[in-house]
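Chains, contacts and geometry: an overview
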Amino acid sequence: MIRYEYIVSDKQGLHAINALRLSKAASEYESRITLKSRKGTADCKNVLSLIGLGARHGECLEFIAEGEDENRAIDFLKGFLQTNL
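**A few points about the overall build of the protein chain**
In terms of regular secondary structure, the protein chain is built from three helices and four strands. Reading the secondary structure of the protein chain in the N-to-C direction produces β-α-β-β-α-β-α. For 85 residues, the compact-globule estimate of 2.2 N^0.38 gives 12 Å, and the protein chain sits close to it at 11 Å. Structurally, the protein chain occupies a C-alpha span of about 35 × 20 × 20 Å along its principal axes. Going through the 85 residues of the protein chain one by one, you find that 45% of them count as buried. Total accessible area on the protein chain is roughly 4,900 Å²; 47% of this is exposed by carbon and sulfur atoms. Within the protein chain, one finds 12 positive and 12 negative side-chain charges whose respective centroids are separated by 8 Å.

Structure representation (structure tokens):
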């Protein structure tokens with residue numbers, strides 16, 4: 001299991017487009033990727049679950065990857081998040 005914390009830099013937060021992009025990116029990996037925020041937990045492969053968190057600008061999010069390709073998944077997400085969220 002690998003954990004990674006990220007602070008949302010997008011002024012609009014985790015809105016629908018960003019959630020869709022994140023979900024598609026997470027779906028590329030076999031590992032289970034979970035997102036924790038102060039409002040709860042979401043499956044990163046589920047768009048509605050991500051949107052339901054309502055993560056806002058400046059909020060700290062914790063990503064947790066568990067599985068065979070967890071290292072590759074977290075490495076990819078680090079770059080993805082800095083570019084998209």
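More follows now that the structure is in view.
**So, the pairing of strand S1 (residues 2–7)**
Of the two faces of S1, only one is covered, namely that formed by Ile2, Tyr4 and Tyr6; the face formed by Arg3, Glu5 and Ile7 stays uncovered. Pairing between S1 and strand S4 (residues 60–66): six bridges, direction antiparallel. Residue pairing for S4: Arg3 is matched across the bridge by Ile64.

Basis of the calculations
- Residues numbered from 1 in each chain as written.
- Predicted model: local features only at pLDDT ≥ 70, side-chain atom pairs only at ≥ 80, totals over all residues.
- Heavy atoms only, no water.
- Helix = DSSP H or I, 4+ residues; strand = E, 2+ residues; numbered from the N terminus.
- Rg over C-alpha atoms; globule rule 2.2 N^0.38 Å.
- Buried < 20%, exposed > 50% of the residue type's maximum accessible area, 1.4 Å probe, protein only.
- Areas by Shrake-Rupley, 256 points an atom, 1.4 Å probe, with all protein chains shown as cover.
- Lys, Arg positive; Asp, Glu negative; His and termini not counted.
- Charge placed at Lys NZ, Arg CZ, Asp CG, Glu CD.
- Pairing = 2+ DSSP bridges.

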